[in-house]
Amino acid sequence: MMSRTMKENSFITHNGRRIPKVPTELNWSDTLGGWKARWAIGRMKYSVEPGIYAIGSPDANSPVFVSANYKMSFDRLRSRLAGRDGWILVLDTKGINVWCAAGKGTFGTEELVKRIEDVGLSEIVGHRTLIVPQLGAPGVSAHKVKQQTGFSLVYGPVSAEDLPAFLDAGMRATDRMRRVTFPLKDRIVLIPVELVTGAKYVLAVAACFFLLAGLNPEGYSVALAISHGTQSVLILLAGFLAAVVLGPALLPWLPGRWFSAKGLWIGLAVLFFGGLFLGRRTELLDDRLSMAAWILMVPALTSFVVLNFTGASTYTSLSGVRREVKIAVPVQLACAVLGIGLWLVGCFV
Amino acid sequence: MARLEYLKNVVTLNLDADKCIGCGRCTEVCPHGVFVIEDRKAQIIDRDLCMECGACQMNCPVDAIYVGKGVGCAQAVITGVLRGTEPDCDCSKNCCGS
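Keep in mind it's a predicted model, so treat the numbers as computed, not measured. Throughout, residues of each chain are indexed from 1 in the direction in which the sequence is written. Whichever chain is written first is A, and whichever ligand is written first is 1; the rest continue in order. Residue-level local features of this predicted model are given only where pLDDT is at least 70; pairs of side-chain atoms are given and counted only at 80 or more, and the full residue set underlies all totals for whole chains, interfaces and linings.

Student: Account for the overall build of chain B, with residues named and values stated.
Tutor: For the purposes of this entry, the term helix denotes a DSSP run of H or I that reaches at least four residues, the term strand denotes a run of E that reaches at least two, and both are numbered from the N terminus. Summing up its helical and strand segments, chain B has three helices and four strands in all. Going from N to C terminus, chain B has its helices and strands arranged as β-α-β-β-α-β-α. Labels follow a simple rule on C-beta atoms placed from the backbone: if 20 or more others lie within 10 Å of a residue's own, it is buried; if 12 or fewer, it is exposed; otherwise it is partly exposed. Every one of the 98 residues in chain B was classed for burial, and the buried ones make up 44%. By the convention adopted here, residues make contact when the C-beta atoms placed from their backbones lie within 7 Å. Restricting the contact set of chain B to residue pairs at least 6 apart, pairs at least 24 apart contribute 39%.

This is the structure:
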């Protein structure tokens, strides 16, 4: 998909080449597009055309910034270059952001070398330096790029926000600029995507619970599906929502290093507060089987949901996740299966 | 804020100090400050902070660093287990939100 900004481009002519020029201000459609991507609407098509772009009025001495073709990565970069002249070299990362693409290798040595040659970068600029985002480093070997193209790599800061300070300091990053953190605001913005992608599974499961809740010793009762089923759906949704929202939000404060343990606490909290709330209003707490079923199912669900947040976090290792999946998932699965079994038995007694 | 640290003693990071030439690239690319340069040699100061992104290994010009590079994503690991393959990070699904 070519974005609106790209279509409305003007061009500059440099060394006989027509190069698209992009503004450093984001317009409403960029902002809206970013918001939609956060909610997983058309996120995988949110890309820009790979190639070379001009910022300001660049010449042969202007710096070259390397970016991914995920539009949010590109927008974040250009918006931090206000009032500067430069070139942006956009790699084809299949619309994936710099860090994830570097992990897969699509933001990598091979693509960078190819793109440098494709756009004829050595004829556009006279110098031989590229500024590559630090989070691109997992995919790029600086010394190999140098060997193959003659371009030296300087790794820019982790966050584009620090780019002006980095450039003003003569392309030097402080230790702080080199660190990935995971502050509250970065965790909160991930909630919508987790919500949207998890919701379809949870809603499917909830629908099953709703339908099965009508089962009883005499056959099937729609009234029971509506009363008992609605209650089950609400408990499931409460567990899911609590895990999706509180997991990321409270991540540093939930006890334990294991994400599955962090999720377990949320499940126990949901049971505790849910019990206080429902206990007064319904006969749920009198139904021992149903209660036991939920005590097993809710923590299994919340533990699993938070475990899945490892993929969006900025500090989990593959070896760690492997260990956690190996140990926690079988326990979660056993609890869930046992819980569902008890719940079904509860329908018939 | 409490410090975010993942599991202890699991990562595959290994540094061969004999090969190291002290160029400092690893300190530049590591997003978690795992390395420092002391007496012209790289040193690992906190192994448990390593997330195995592989940036240090990719950028070490003398192959002094080994790390089993991968993405710490449960969904990818589970998908890999189900399909009997290596962890498969299909970013169109869930992760890679930023």
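Next comes the rest of the write-up.
Student: If you had to explain the overall build of chain A to someone new, which residues and values would you point to?
Tutor: Helix and strand content of chain A: 14 helices and nine strands. The quantity called the radius of gyration is restricted to C-alpha atoms. Its globule counterpart is 2.2 Å times the number of residues to the power 0.38. In terms of C-alpha radius of gyration, chain A reaches 26 Å, well past the compact-globule figure of 20 Å for 349 residues. Counting the 349 residues in chain A, one finds 44% classified as buried. Taking the contacts inside chain A whose residues are at least 6 apart along the sequence as the reference set, 68% of them involve residues at least 24 apart.

Student: An account of the interface of chain A and chain B is requested, with residue identities and associated values reported.
Tutor: Counting residues at the interface gives 46 residues for chain A, matched by 45 residues for chain B. Mapped by element, the contributors of at least two residues to the side of chain A that touches chain B are helix H4 (98-104), helix H7 (142-149), helix H10 (191-212) and helix H14 (318-348) of chain A. Broken down by element, the residue count for the side of chain A that touches chain B peaks at nine residues, all from H14(A). Three classes are used: nonpolar for Ala, Val, Leu, Ile, Met, Phe, Trp, Tyr, Cys and Pro, charged for Asp, Glu, Lys and Arg, and polar for all others, with Gly counted as polar. Here the side of chain A that touches chain B is built from residues that sort into 25 nonpolar, 13 polar and eight charged.

Student: An account of the confidence of the model for chain B is requested, with residue identities and associated values reported.
Tutor: A score between 0 and 100, pLDDT records how confident the predictor is in each residue. Looking at chain B as a whole, its pLDDT mean stands at 89, while 88% of the residues score no less than 70. Across the whole predicted complex the pTM is 0.88, and at the interface the ipTM reaches 0.93.

Student: Can you tell me about the environment of Lys104(A), naming the residues and giving the values?
Tutor: Residues and elements named next belong to chain A. Along the polypeptide, Lys104 turns up in helix H4. On the basis of neighbour count, Lys104 is assigned to the partly exposed category, with 18 C-beta atoms found within 10 Å. Sequence-wise, Lys104 and Pro138 are 34 residues apart; in three dimensions their C-alpha atoms are separated by 8.8 Å.

Student: So what's going on with the nonpolar core? Which residues, and what values?
Tutor: In terms of nonpolar packing, the biggest core is built from 72 residues, with Trp87(A), Val140(A) and Cys56(B) touching the most fellow members. Looking at this core, the element that brings in the most residues is H4(A), giving five residues. Ignoring any residue separated from it by four or fewer positions in sequence, one finds Cys56(B) in contact with Cys26(B), Val29(B), Cys30(B), Phe35(B), Ile65(B) and Val67(B). With 45 residues, the next largest nonpolar core counts Ala242(A), Trp265(A), Ala312(A) and Val325(A) among its residues. For our purposes the nonpolar core covers buried Ala, Val, Leu, Ile, Met, Phe, Trp, Tyr and Cys residues that link as a set through C-beta atoms within 7 Å.

Student: Can you explain the packing of helix H2 (residues 28-38) of chain A against helix H3 (residues 71-79) of chain A? Please cite residues and give values.
Tutor: Residues and elements named next belong to chain A. Lines fitted to the C-alpha atoms define the axes, with helices restricted to the stretch that makes contact. Angles between their N-to-C directions range from 0 to 180 degrees. Between H2 and H3, the shortest axis-to-axis distance is 10 Å and the interhelical angle comes to 135°. Taken together, the axes of H2 and H3 are oblique relative to one another. Regarding H2 and H3, the two cross each other, and that crossing is left-handed. Residues Asp30, Gly33, Gly34 and Ala37 of H2 pack against Lys71, Met72 and Asp75 of H3. Orientation is classified from the angle alone, with under 35 degrees giving roughly parallel, over 145 giving roughly antiparallel, 65 to 115 giving roughly perpendicular, and any other angle giving oblique. Handedness of a crossing is defined here by the sense of rotation of the near helix relative to the far one, left-handed for an anticlockwise turn of less than a right angle and right-handed for a clockwise turn.

Student: How would you summarise the pairing of strand E3 (residues 41-44) of chain B if you had to cite specific residues and measurements?
Tutor: Residue and element names in this part refer to chain B. Any two strands are treated as partners once DSSP identifies two or more bridges connecting them. When strand E2 (residues 35-38) meets E3, the two strands line up antiparallel, connected through four bridges. Bridging across to E3, Ile37 finds its partner in Ala42. Hairpin connection from E2 to E3: two residues lie between these consecutive antiparallel strands, with Asp39 at a positive phi of about 50°.

Student: Break down the packing of helix H13 (residues 288-307) of chain A against H14(A) for me, citing the residues and quoting the values.
Tutor: Residues and elements named next belong to chain A. The geometry of H13 relative to H14 is characterised by a closest axis approach of 8 Å and an angle of 150° between their N-to-C directions. Between H13 and H14, the angle falls in the class roughly antiparallel. For the crossing formed where H13 meets H14, the hand is left-handed. Along its contact with H13, which presents Leu289, Ser290, Ala292, Ala293, Leu296, Met297, Pro299, Ala300, Ser303, Phe304 and Leu307, the element H14 presents Glu324, Ala328, Gln332, Cys335, Ala336, Leu338, Gly339, Ile340, Leu342, Trp343, Val345 and Gly346. Of the residues belonging to the contact of H13 with H14, the class tally is 17 nonpolar, five polar and one charged.

Student: I'd love a proper account of the pairing of strand E1 (residues 10-14) of chain A, names of residues and values included.
Tutor: All names here are of chain A. One ladder, built from five bridges, connects E1 with strand E2 (residues 17-21); its direction is antiparallel. In the strand pairing of E2, Ser10 is matched with Lys21. Hairpin remark: E1 followed by E2, antiparallel, with two residues in the connecting loop; positive phi at Asn15, about 50°.

Student: Lay out unusual backbone geometry with the relevant residues and their values.
Tutor: You will see that Met171(A), though not glycine, has its phi angle at about 60°, which is positive. Structurally, the position occupied by Met171(A) is in the loop between helix H8 (163-168) and helix H9 (184-188). Residue Met171(A) is classed as partly exposed on the basis of its 13 C-beta neighbours within 10 Å. Even without glycine at this site, Asp63(B) takes up a positive phi of about 55°. Within the fold, Asp63(B) resides in the loop between helix H2 (55-59) and strand E4 (65-66). Assessed through the 9 C-beta atoms surrounding it within 10 Å, Asp63(B) is described here as exposed.

Student: Hey, could you go over helix H5 (residues 109-119) of chain A for me, with residue numbers and the actual values?
Tutor: Residue and element names in this part refer to chain A. Taken together, the buried positions of H5 are occupied by Glu111, Leu112, Ile116 and Val119. The buried residues of H5 occupy one face: seen down the axis, they fall within an arc of 135°. For H5, the elements touching its buried residues are strand E3 (51-55), strand E4 (64-67), strand E5 (86-90), helix H6 (121-124) and H7. Read the arc as the range of directions from the helix axis to the C-beta atoms.

Student: Any chance you could break down H13(A) for me, citing the residues and the numbers?
Tutor: Take the residue count of a helix, subtract one, and multiply by 1.5 Å to get its expected span. In a regular helix each residue adds 1.5 Å, so 20 residues correspond to 28 Å; H13(A) covers 29 Å between its end C-alpha atoms and thus fits that length. Counting buried residues along H13(A), 15 of its 20 residues qualify, which places the element largely inside the surrounding structure.

Student: Outline the environment of Leu215(A), supporting the account with residue identities and numerical values.
Tutor: Residue and element names in this part refer to chain A. By secondary structure assignment, the location of Leu215 is in strand E8 (residues 215-216). Sequence separation between Leu215 and Gly341 is 126 residues; the distance between their C-alpha atoms is 13 Å. Those residues in contact with Leu215 that sit more than four places away from it in its chain are Tyr220, Cys347 and Phe348.

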